[in-house]
Structures are given as C-alpha cells and as structure tokens.
Amino acid sequence: MKPESIIKDPSFDLFEGTHSLEIDNLKLDSSLLELSPEEKRFDCSTPYGGSEEEKLKFVTAVADRLCRSIMVWLAGFQTLPTTVLSCRYVEDAVRRYTDDPSTDLSSCLLQTGNPLFDQVLTSCVVGSCFFVKFVSTLFKAGVVFEEEDLNCNTMGLNMLSMVPITTIREHMDRSIALLEAEYKHADQLVLILKLLRNLIEFQDYLPSKAEDLAAPNKQPLLDLMQCAQKLKVYAPVAPEVCTGAFSPGIQKRLSNQFPPRDIVESAGEEYEAYVELCVDMLKVLAVTSARSASETLQFAFFFNRTRQRHVVARAFFPLYLMRDDQTVLGKYTFNDFSKEHLLDFSLCGTNLAHELLDAPENSALVQKFNEFMQEVSGILFEWYQNTAQNRCRYRQGYNRQLLLWDSLQAQIETFELELEAQGIKDELQDSSSFMPLTTWVFYMKLRAMLDFVLKGFELDVYKPWEFFSMFWYAYYLAQHLENCLQRTLGFIEKLITSIHNMNKKLKKLKAGEKKEKLRAKYRWSMENDIPQLNANLKFVTYSLMECTAVKVLSLSQVFHFAVLQSSGLIDSKPPGGNKFTSPEFIHKLRFKTFASIGVPELPSYQVFENSLKDFTIAEPMFTAKLARSLAFTKSELEGAKAAIDTIVHAIHVGDGEPNLSVNTGTRLVKEQADAHYSALLRTFEALVANGQSLQAKLGSVKDGSPAARYHVNVSRPDGASSYFPVLALSENQ
Amino acid sequence: MGIRYQPLNISNANELKHIQRLIDADLSEPYSIYVYRYFLNQWPELCFLAFSNDTENPVGCVVCKYETHRGARLRGYIGMLAVDQKYRRRGIAKKLVEQAIQKMQEIGCDEIMLETEVENTTALQLYEGMGFIRLKRMFRYYLNQGDAFKLILPLTERSCTRTTFLLQPETAFA
C-alpha cells in the first residue's frame, strides 16, 4: 500500500463517503446516544398508570403519539426510526416478531396483564406496523425516491410480513368492541383505533386480483377522514404523560447504518395530514372513472400539479394505473391504451386507422404497428409515472424523456414514410402529408419541452438575466406546438367535412352497388368516426387555446424584458461570468437538454442574441416605441385571456355540454384544472398591470439613468401562475 | 490584515484537523473522517487553505476533487468551503474558490459542479457571480430537509454537450 492512500472498494464514490459512519464521533455513532433514565427504565411489560383512569390516559397518549408519528414520518418526510419505530411498544413487538415470525400475532402481543395494554395497545401497534408494511410495498415498487420522498428503513425488523390482514382486522375489531363495552371515557382512543383500522385497508387498494375490476371501495377512506376530522379537536397529549415510551434508543440498540437522529415530535397537524392523505387517495382512485385516454392523460397532468400530493398517493398512482397484470386500470392492454391516445388525438378516421382495422392480425402492417405501440407504451408510461413525482423530480424526468420522444419521432416518421410509399397516406387540405402518428409524438414532445422550460421558473432555476432566453424559447416552442395543433385541427375538420359530404354524394348517385357501398361507408363513418372526431376537434381546439395563451404570456415576458434591457435595468448576460467561462458556454449549457433535439431545432446562440436586439427599443422616439410595444402586448394578452376564460368556463360547465366548442378532458380533475387556469388568468392581469407600471416609470422621459432610480426584482403575484414570475421595477432605497 | 493562500500539506496532520474544525462549524451535514480522507488523500492539490497574519491556524478552506463524469467529461467538484466566522466579508471564500477553479482548469476539467442549499443566498451569490448556473433543483437534498440547487460552471464546450452524444465512438473521452 502506498503511503497516504486510502482503503476503499474501487466502486466506492463520494456517495458512499458521505454515507459513511465514524466510531466515537458523536454526530455519526449512534451507539454514543445518551438515553434518559426514564428511557432506560422503560419496560413494555409494565402496565403504566396507577388507576384504570390513569392507565387509559397513558394508553391513549401512546396511541395518539404513535398514530401521529405515522404522519410525521410520511407527511413530514422523516425516517422510521425517528418516528414510528421510536415507540418502545412498536420496537418491542416487531423485535419479538422478527425473532419468531408467524402467521398469527402470538409472538408480538403485549403481556402486562392489563387488557388496555395487552389488547388495545397491541392493536394500535400491529395496525401501525401493518400500514408500514403496505408503504414499504409501495416503496419497493420504485416509483418514488428513497430519502427525498420516503424513508422505509425498518432497521432490519420484520413488519409482520406473514400476518394476513384478516388477523389484524379481527384483533382491532375486538379492541374497539372492548373499549366500547367497558370504557366509558375512551372516546379518543376508540377514534384512534378506528382510524388505524381503516388505515390497514389501504392494502386492498393495491390491484392484485381479477376482481379488482370492480369499483374501489372508498368507504375506509371516508371513514378514516371522519375519524381524523374528529381527532383534530384533541391537542397532542403532553409527552410527560408517557415519558420513556418514545425514544431514539432503537438507533442505539439495533444495527444502525445511519447517523443518530433525534426523534421527531408532533407538530400538531398530523390529523389534518390524514385528511389530506384520504383526499389524495380518493383523487387517485377517481382515475378509474376515466372515459377516454385523453381524460386519463389530463387526469395525470393535473392531479399533482397545483399541490404536491401526499407521498403515499403519489407512490400509489402509477401502480394503480399501470398494473402488474400488464393492463391499464384492468381495462386495456398497454398497447391498446397507447393506441387510444393516438385515436383520441390524430389517428381516428385516418386511412391508416382504417387499414389497421381491415388488416389481419398477423399482417406486416399490424405487427409493425404493434411494435411501435410497445415503444410508445414505454415512453408514455414513463410520462405517466413522471406526473406523480415530487416537484423537482418532475422536471428532471422530462430531461430524460425528451430524448426518448425525439428518437421515437424519428423512427415513427420513417415508418409513416414507408406506409406512404405503400399508398397508406393521409393528406391535409393543401395535399401535404399529415402523418397522424408522428403528429401525436411531436405534440407530446413539445408539451414536455414546454413544461420542462416553464417548470424551471417555478423551481427558481433561472436567474432574472436568463428570463429573456427562457421565455423566448418557450415562445418558440409554443409557436411550433401551435402549428402542430393547427395542422391537426385542419385535418380533423377536413375528415369531418369529407364524411358529411358522403351524404351529399349519396343523394346524387344512382341506385346500385356503388351507392350501397358508399352508403355503408357513410353509415360506418357516422357511427364510428364522427363521434370521436367531434370529441377530438374539441380537445384539439382547447389545446390550441391553451397553447396560444402560453405563447402570448411568454411573448409578453420577452417584451417586458426587452423594455427593461432597453432602459439599462437588466442584461441578458451572466454577471461577471467571463473569468473562467463565456456567456456563450453558459447559454449552451442551459440549453444542453435541447441541443440534441432534432425537431424543432435549437436556434443558435447568435439567433437568441439577435432576437433580443430585435425586441430592444432605442432612441429616437423611445417613449412612443415603448408605448406601442406595451400597447401591443396588452392587446395580445387580452385576446389570449379570452381563450383561457373559455377554457375555465368549459371546466365549470363540464365536458359533456354539447354546446361547448372545447373539450378539456378535465372532468375528473375539475378543481385542479380550474386552479391552474385561474392562476393563468391572474397572470394575464399581473402582466397587464406590470406593463402599465413599466410605462409609467420608464415611458415619460428616457433620461439615461433609470438604473439610478429603479432596480428589477422577480415578483410572484398572489394567486398567479408559478410558471410566469414577473420582472417588476422597485424604487431603489 | 493580509491573507495568504496555499495548497494543503497532506503530511501535516494538523491541517486536516483544522479543515475538520472549519467545516464542522458550518455545514449541516456531519462528515466522517472517511469523507475528509476521501477528498484530501486523493486530491490534495485541490484543497486550499487561507491563513491570516494574525493567527497561526487556517481561517478558511476549500476542498475539491475531479473525476471523469459518466466516462464523457472531466468534472471538477467543490465539496466543501468554509471561512471562519470572524474572517468573513473579506473576499476569502471567493479567492479560495478561484484558486481551486484555476487549478481544476489547469488539470483539464470541462466543468465544475457543486450543490448548495436553496436558502443559502450568500453561497449562491458567490458562485453565480463567477458564472455558475443552476442546472436543477433537488427535493429535500439535505438532512435539514432543505432543497438544493445543483450548480455548474462550464469551462469547455464538452460541458455543453449531452453525455449520450459525447459517448459516441468518435467523441468518447480518452
């Protein structure tokens, strides 16, 4: 060994380093934890409390804190050893169970000789452990991320792995019956038991059997919510009532691979967190009512958007949607589900769709198409899974997905060109090629690109000097998306017209085989294609309105930046970044994600630079130009605001309303979609107001020194969209 | 009061203790001796100390490393930076970071990376003033529950190219 070299496995990197422990280091060695005398003396076989009343008070205090600790663990993103496993009764029970695992609870019952402990408290403990087991199952599915979303470190203890839910149910039911029959003042404890009794039922929401096709039983969630609402009136019991019953001691007594941590106390909000958990689980279960692929897509897009959902609901959603039996919600095969997405957007009524219907299953066309559907499924499911991630991972997920969408687009375009060579072709009004599959992939890719860019504003990833390039790029992407949607809309309108025209042709044709053939085709199209095409027309119209609004909002931000730049109040160059790097490198690093995307091509650095120059206002007639620029922005904003008003109206009225020109697909996420678009409406107002403010402050005289009087700050107006922070002016102090 | 900057003397055990003292006083993450040894023994040339004329012991330090990132580019990493409370607001941290970046640039790093807490505006101001940009935000990255930003300073064109494309045979990192 060379002097001063360190001993480590070649695969060890910094991650292992930062997770390494150190003996005799107070911050890193949990064997050095100092326990209080009460903690050391605590004995799980003693029925604490002198009188029965005191025993009830003690057991209630432990049960309340244990119940709260589950939400401290999950909603507070804490570890198991500092929450649930810090309960001495939990530690005692699962240690004994780990030593002697069985299908019953014989090895983990408390044995104090008092039924409040041996029956009731045991129920609370095993109910809690059973729920931990359920959460561990979700965790192992790998949907959410270790540590940042969920810590399932059970310290090697067996969380009742072999005990069936029926055994736990029966035990808990006996405890509830005992309390109701023999303890008059145990209302709070009964509620806690009932809450936990409903909590164990979560396991049954995990789809695993054929009968899971049945609508989920929501009653346990509703009952749990009711219990939690009632328990909210009780303040957390003072810790001294059950001193020693909660302790960090498990970290000292068992093998611990983590640094010692204090146990986490209740913040008092835990029962509210239970209510939120139930609300979020109910929302996830609602996806089962989706009537179409576009409704499922919109559900996923909105359900976790305006508020990050409870981690259990987020982990549960993809598993509930995309099941182990290779179905979506037990209703569709993966391939059929993907095909539904295409039919709901651009494939319906096309020659390709009709050829696919007519071709035999073993034909080259169907086989090749199915191969592509498998590819689509892989990426589409990644998209779905991403919608359930925490707010930061959500953006990162897109970073990876964009390459996949881009690669799929290139492949599927080649496939469609091959089909065209074989005569399977769909044309737009101007006879140009439509390519329904490529169009959908391009739509999904552009949506993901735009969301990736705008999410960066919400996460505060961009500094104000970057606002121009990011909003200009968002505007550029929105333009491409707008074109894609307009093409699609035009194509759908053409199809609808051509079907209706069949009827006119029929009237002109003489009776005969030709007429009968056309009549059959017309009837088939009216029955099968027209309803879907009409729905698609409305969905694409809605998508177009939304896209136009995003485009105008982005453009307005570009204008406002340019006005500020023209007045010398902001620059699009990084401050002081020239010693080790260059503005061009920094720009290229920022746009690295997009540099490899084939279509739309990333404009060069020079194009970004030039476009800012184009927007910049200069003398002569600065004031007049400024007024014109801001007036233009205002009128664009007002026009786009009307589109969002239409969308909000459609959300309120509901998608089933036949008179509506749009279909938002948000029936199952009305509240969330409404919040999202209402925030956009407030952003329109905020940008109009900001434009007026800029004009008032900078428009009257351009004396060359606005920087002496004002500075730029990032403002996030109340209730406005987090995707569009506003660059506002504040007076210098 | 003059401040001098010098690289770590790995043979001087006292210097390691002082680095631990400076870092432990400030950072929310508890680091084991392994972490310090991991950095200092492998990349001693990327640890710089700041000494003040009025005291014998170092008053600031920066600890870095560099490695090939995903087989595609050479990435420098600023692992720890700390300045004694009494010696702050004198540009010591900036100077230490500049020395480290300069060294990593000489070594041939394509980029420098680090993480910092979203709430640590002082650190963000320091690094962003040097050209670092926020590449991504990481949810609950630190033990104190706070989010972090991953910051990168691009030094060469390779930093601006996706790894997938750098790994293609004709461009793979030698």
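Analysis parameters
- The residue numbering used here restarts from 1 in each chain and proceeds along that chain's sequence as written.
- Each chain is given a letter, starting from A, and each ligand a number, starting from 1, according to the order in which they appear as written.
- pLDDT decides what is reported in this predicted model: residues at 70 or higher carry local features, side-chain atom pairs at 80 or more are listed and counted, and totals for whole chains, interfaces and linings draw on all residues regardless.
- Here the side-chain values reflect all heavy atoms present in the structure, with hydrogen atoms and water set aside.
- Strands are runs of DSSP state E lasting at least 2 residues, helices are runs of H or I lasting at least 4, and numbering of each runs from the N terminus.
- For every residue, the accessible area (1.4 Å probe, protein chains only) is compared with the maximum for its type, and the residue is labelled buried under 20%, exposed over 50%, or partly exposed between those bounds.
- Contacts are assigned to residue pairs with any non-hydrogen atoms lying within 4.5 Å of each other.
- Each accessible area value is a Shrake-Rupley result obtained with a 1.4 Å probe; residue values ignore everything except the protein chains displayed when judging cover.
- For this count, His and the chain ends are skipped, Lys and Arg are scored as positive, and Asp and Glu as negative.
- Positions of charges follow a simple convention, taking NZ of Lys, CZ of Arg, CG of Asp or CD of Glu.
- For any pair of parts, buried area is found by adding up, for both, the accessible area (1.4 Å probe) each one loses once the two are put together.
- Any carboxyl oxygen of Asp or Glu that lies within 4 Å of a side-chain nitrogen of Lys or Arg is treated as forming a salt bridge with it.
- Under the rule applied, a polar contact is a pair of N or O atoms within 3.5 Å (in protein, one hydrogen donor and one hydrogen acceptor; residues adjacent in sequence only if both atoms are side-chain atoms).
- Under the scheme applied, nonpolar residues are Ala, Val, Leu, Ile, Met, Phe, Trp, Tyr, Cys and Pro; charged residues are Asp, Glu, Lys and Arg; polar residues are all the others, including Gly.
- Strands were regarded as paired on the criterion that DSSP finds at least two bridges between them.
- Here, axes are lines fitted to C-alpha atoms. For helices the fit covers the stretch in contact, and angles between N-to-C directions go from 0 to 180 degrees.
- Here, expected helix span is obtained from the residue count minus one, scaled by 1.5 Å.
- With the far helix as reference, a near helix turned anticlockwise by less than a right angle produces a left-handed crossing, and one turned clockwise produces a right-handed crossing.
- The predictor rates its confidence in each residue with pLDDT, a number between 0 and 100.
- In what follows, a disulfide is any cysteine sulfur pair within 2.5 Å.
- For Phe, Tyr and Trp, rings pair up if their centres lie within 6.5 Å, where Trp contributes its six-membered ring, and each pair is then called stacked (planes under 30 degrees apart), edge-to-face (over 60) or tilted (otherwise).
- Lysine and arginine charges are scored as sitting over a ring when NZ or CZ, respectively, is within 6 Å of the ring centre and within 35 degrees of the ring normal.

**Quick notes on the overall build of chain A**
Move 1: Of the regular secondary structure elements, chain A holds 25 helices and 4 strands.
Move 2: Taken over the C-alpha atoms alone, chain A extends approximately 90 × 80 × 65 Å along its principal axes.
Move 3: For chain A, the residues scored as buried account for 57% of the 733 residues in total.
Move 4: Put simply, 78% of the contacts in chain A that link residues at least 6 apart link residues at least 24 apart.
Move 5: When the accessible surface of chain A is split by element, carbon and sulfur atoms take 52% of a total near 30,800 Å².
Move 6: Side-chain charges of chain A comprise 77 positive and 91 negative groups, with the mean position of each set lying 6 Å from the other.

**Things to note about the interface of chain A and chain B**
Move 1: Taken together, the contact pairs 52 residues of chain A with 49 residues of chain B.
Move 2: Surface buried jointly by chain A and chain B totals about 4,400 Å² across both partners, of which 59% is contributed by carbon and sulfur atoms.
Move 3: Broken down residue by residue, the surface that chain A buries against chain B is led by L14(A), F580(A) and L589(A), which jointly contribute 18%.
Move 4: The interface formed by chain A and chain B holds 5 salt bridges in total.
Move 5: Of the charged contacts in the structure, one is a salt bridge between E98(B) and K579(A), with a shortest N-O distance of 3.4 Å.
Move 6: Taken together, chain A and chain B are joined by 19 residue pairs in polar contact (both at pLDDT 80 or more).
Move 7: Classifying every residue of the side of chain A that touches chain B gives 17 nonpolar, 16 polar and 19 charged.

**Observations regarding the sheet that holds strand β7 (residues 148-154) of chain B**
Residue and element names in this part refer to chain B.
Move 1: Spatial strand order, β1-β2-β3-β4-β5-β7-β6: 7 strands in an open sheet with mixed pairing. The open sheet has two edge strands with one neighbour each: β1 (3-7) and β6 (133-138). Strand-to-strand twist across the sheet, computed as the mean angle between neighbouring axes with direction ignored, equals 25°.
Move 2: Bridge analysis of β1 against strand β2 (residues 47-52) gives 5 bridges, and the strand direction is antiparallel. Within the sheet, the bridge partner assigned to P7 lies in β2 and is F48.
Move 3: Its contacts with the sheet place helix α2 (residues 33-42) against β2, β3 (58-69) and β4 (73-83), and it is angled at close to 70° to β3.

**Focus on the pattern of salt bridges**
Residues and elements named next belong to chain A.
Move 1: If you walk through the whole model with that rule in mind, you get 43 salt bridges over all chains.
Move 2: Across the pair E148 and R393 runs a salt bridge whose closest N-O atoms are separated by 2.7 Å. With a gap of 245 residues between them, E148 in the loop between α5 (115-140) and α6 (165-182) and R393 in helix α16 (residues 391-421) connect regions that are remote in the sequence.
Move 3: Owing to a relative accessible area of 11%, E148 belongs among the buried residues under this scheme.

**Some points on helix α10 (residues 270-285) of chain A**
Move 1: Compared with an ideal rise of 1.5 Å per residue, which puts 16 residues at 22 Å, α10(A) spans 22 Å between its outermost C-alpha atoms and is within 8% of the ideal.
Move 2: Extensive coverage of α10(A) is indicated by the burial of 13 of its 16 residues.

**Observations concerning the packing of helix α14 (residues 351-358) of chain A against helix α15 (residues 364-386) of chain A**
All names here are of chain A.
Move 1: Relative orientation of the contacting elements α14 and α15 amounts to 115°, with a least axis distance of 9 Å. Where α14 crosses over α15, the two elements pack in a sense that is left-handed. Across the interface between the two elements, L352, E355 and L356 of α14 pack against L365, V366 and F369 of α15.
Move 2: When the residues that make up the contact of α14 with α15 are grouped by side-chain class, the tally is 5 nonpolar, no polar and 1 charged.

**Description of the confidence of the model for chain B**
Move 1: Per-chain confidence: chain B averages 92 in pLDDT, with 95% of residues scoring 70 or above.
Move 2: Taken together, the chains of this predicted complex give a pTM of 0.95 and an interface ipTM of 0.95.

**Observations regarding the state of the cysteines**
Disulfides are covalent bonds that connect the sulfur atoms of two cysteines.
Move 1: Summed over all chains, the structure comprises 0 disulfides over all chains.
Move 2: Summary of cysteine pairing: C87(A) is not part of a disulfide, and the nearest cysteine sulfur, belonging to C44(A), is at 7.5 Å.
Move 3: Here C47(B) is not disulfide-linked; the sulfur of C61(B) is the nearest cysteine sulfur, at 6.0 Å.
Move 4: Residue C47(B) is classed as buried on the basis of its relative accessible area of 1%.

**Concerning the side chain of N114(A)**
Residues and elements named next belong to chain A.
Move 1: For N114, the location among the structural elements is in the loop between α4 (88-99) and α5.
Move 2: Relative accessible area serves as the criterion here: at 8%, N114 is assigned to the buried category.
Move 3: Those residues within four positions of N114 in sequence are excluded, and the remaining contacts are P47, E52 and K55.

**Structural notes on the packing of aromatic side chains**
All names here are of chain A.
Move 1: Applying the stated criterion across every chain, the model contains 54 aromatic pairs over all chains.
Move 2: On the basis of an interplanar angle of 80° and a centroid distance of 5.8 Å, the ring pair of F467 and F471 is categorised as edge-to-face. Here F467 pairs with F471, and both are found in helix α18 (residues 467-508), just 4 residues apart, close to one helical turn. By the burial criterion, F467 is buried, and F471 matches it.
Move 3: Considering the side-chain rings of F468 and F561, the 5.8 Å spacing of their centres and the 45° angle between planes classify their relative orientation as tilted. Taken together, the residues F468 in helix α18 and F561 in helix α19 (residues 513-566) connect sequence positions 93 residues apart. Like F561, F468 is buried.
Move 4: Clustering of aromatic rings is evident, with ring pairs tying together F452, W472, Y473, Y476, F591, F594 and F608.
Move 5: Sitting above the plane of the Y320 ring, R323 keeps its charged end 4.6 Å from the centroid.

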